[in-house]
Amino acid sequence: MSQRPASSAPATPRSANPGQPHSLPLWQLLSRCAEAVAAVRQGQSLTDVLAALPPAERPGTQALSFAVLRRLGTALALRQALVPKAPTPWVDGLLLSALALACGDGYARHTLVDQAVDACKRRARPASGLVNAVLRRFLREEADLLAALEDDDVAHFNHPAWWIRRLQRDWPEHWQAMLMTNQSQPPMTLRANVRHGSSAAYRARLVEAGLLAPDGAPALAPEGFDPIVLPRGVPVQQLPGFADGDASVQDAAAQLAAPLLVHAGERTLPAGARVLDACAAPGGKTAHLLELADLDVTALDSDPQRLVRVNETLQRLGLGPNDHARTVAADASQPATWWDGQAFDAILLDAPCSASGIVRRHPDVRWLRRESDLTALARTQDALLDALWPLLKPGGHLLYCTCSIFRIEGQERIDAFLQRTPGARALPSPGHLRPVVEYLDPIAAPASRGMGDGFFYALLSKPS
């Protein structure tokens, strides 16, 4: 594979720094982290694992799990070298967690080993001798063990081999930077609710609260796009007016969707325009549309439980649900089951995808996905585009987006759609947003300023 950068040490995100003080003993957090790692390796979402924990255990478990999953490639290679035959899932999860954390700077090594052994004695005592021997051998032979991984790309970049190969093919000039960016802490980015006051006014409140430096707002592009990037993450309860709907947490890249659709092409959507937000949950883009204009929005999602969160978001922001904001539980690819026959002025299709662009926020994604998933997802994306296009009025616009960095879920889907759809036309739009500092685009430069997530946008126009 291609030559690596001179510095190869995996970054430790501040938000997942295992050295942070926790109210629970380390052995207990290691035990929970081992459960989480084992579950992810068996195909379960880390979000679901954390949701099932007692509330007091979630923050510490998440911090450790994030750190471990960001170094899982290294930990897997080390465990394979130390214990070629994997032990039972929980013991393996404990070894992987301890090895990953030992490669960072969060804990004194011997303390980490002692606490891991203590966790094993409490949960799987017969395996405690194995855990102790393996971890102490790692401490003795660390330099040699790590040197032996010099040519192991999975251990170096902490992503699956197929993921690395695909990025090399899709982004030959940026693939290394993109992989290393996934090891960093994402920024906390806010969107002011402009129905409650301007972004500038909300910035001033953040400055007064000591949460933002008075350095001015970034240049805007397009209209209605003004992400507020905090220097450090804080609980939402500390954000001024959050409970009253004055602001939302939303990544800069995701904040492009609503203004791109509301101000599509050379026109702005008029009051009362019918807009479909397909695949709407959790509702951030739905809310942003309603903040920017008086629209008649239908928010669609196939999962009724996820629509509960959409309704909660709209209620907090004072946007509905009401006569101008409806939520509908239905499959967007089957319009016959939910569409009333009235065409939409605009459609937002935030299509299901690999989520490869939000790996900083969800480090388990890289270990859950398989390369074959991309082909299946591409078929779903094509089906959604084909099903929703006939629902768009002549002269209307459809904005297709995915939180993916893979071309197969972005530009390749749009190229294929344009080839099979007479009259459809692509308007200027950001295209692929790559979460690397080298990337700057005139349309989406503010998203890069805040190191926004990986995203793809394509704005399509239907002939009148």
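Quick summary incoming for the structure in this document. In this numbering scheme, every chain counts its residues from 1 along its sequence in written order. Local features are withheld for residues below a pLDDT of 70 in this predicted model, meaning they are given only at 70 or higher, and side-chain atom pairs are given and counted only at 80 or more; totals for whole chains, interfaces and linings count all residues. The side-chain numbers reported here are obtained from all heavy atoms of the structure, hydrogens and water having been left aside.

Salt bridge, as applied in this entry: a Lys or Arg side-chain nitrogen positioned within 4 Å of an Asp or Glu carboxyl oxygen. For the structure on display, the rule yields 26 salt bridges. One salt bridge connects Asp 294 with Arg 195, and the closest N-O pair in it is separated by 2.6 Å. In this pair, Asp 294 is assigned in the loop between helix H13 (284–292) and strand E5 (296–301) and Arg 195 in the loop between strand E1 (188–192) and helix H11 (199–208), connecting sequence segments 99 residues apart. Residue class for Asp 294 comes out partly exposed when judged on its relative accessible area of 49%. To sort residues, take the accessible area from a 1.4 Å probe on protein chains only and compare it with the maximum for the residue type: under 20% means buried, over 50% means exposed, and anything in between is partly exposed. On the accessibility criterion, Arg 195 (41% relative accessible area) is partly exposed. With a closest N to O distance of 2.9 Å, Asp 350 and Lys 285 form a salt bridge. With a gap of 65 residues between them, Asp 350 in strand E7 (residues 344–350) and Lys 285 in helix H13 connect regions that are remote in the sequence. Note on accessibility: Asp 350 and Lys 285 belong to one class, buried. Helical segments are the DSSP runs of H or I of at least four residues, strand segments are the runs of E of at least two, and each set is numbered from the N terminus.

On to the sheet that holds strand E2 (residues 228–230). Pairing is antiparallel in the open sheet, where three strands are placed in the order E2-E1-E3. In this open sheet, the two strands that pair with only one neighbour each are E2 and strand E3 (247–249). Across the sheet, the mean angle separating the axes of adjacent strands is 35° when strand polarity is ignored. Of the pairings in the sheet, the one linking E1 to E2 comprises three bridges and is antiparallel in character. Following the sheet pairing, Leu 190 is matched in E2 by Ile 228. The rule for pairing is simple: two strands pair if DSSP sees at least two bridges between them. For helices, the fitted axis covers only the stretch in contact; all axes are lines through C-alpha atoms, and the angles between them, taken along N-to-C directions, range from 0 to 180 degrees.

Let us now look at the sheet that holds E7. Strand order in the open sheet formed by seven strands is E6-E5-E4-E7-E8-E10-E9, with mixed pairing between adjacent strands. The strands lining the two open edges of the sheet, one partner per strand, are strand E6 (325–329) and strand E9 (425–433). Neighbouring strand axes in the sheet, compared pairwise and without regard to direction, differ in orientation by 15° on average. Relative to strand E10 (residues 455–461), strand E8 (residues 392–402) is paired through six bridges, and the arrangement is antiparallel.

Attention shifts here to H11. Residues separated by three or four positions in an α-helix point in the same direction, a consequence of the helix having 3.6 residues per turn. The set of residues buried in H11 consists of Ser 199, Tyr 202, Arg 203 and Leu 206. Angular distribution of buried residues about the axis of H11 spans 105°; they occupy a single face of the element. Residues Ala 200 and Glu 208 are exposed on H11 and point more than 90 degrees away from its buried face. Check the buried side of H11 and you find it contacts E1, E2 and E3. By construction, the arc corresponds to the directions joining the helix axis to the C-beta atoms. Note on definitions: a residue-residue contact is assigned when non-hydrogen atoms from the two residues lie within 4.5 Å.

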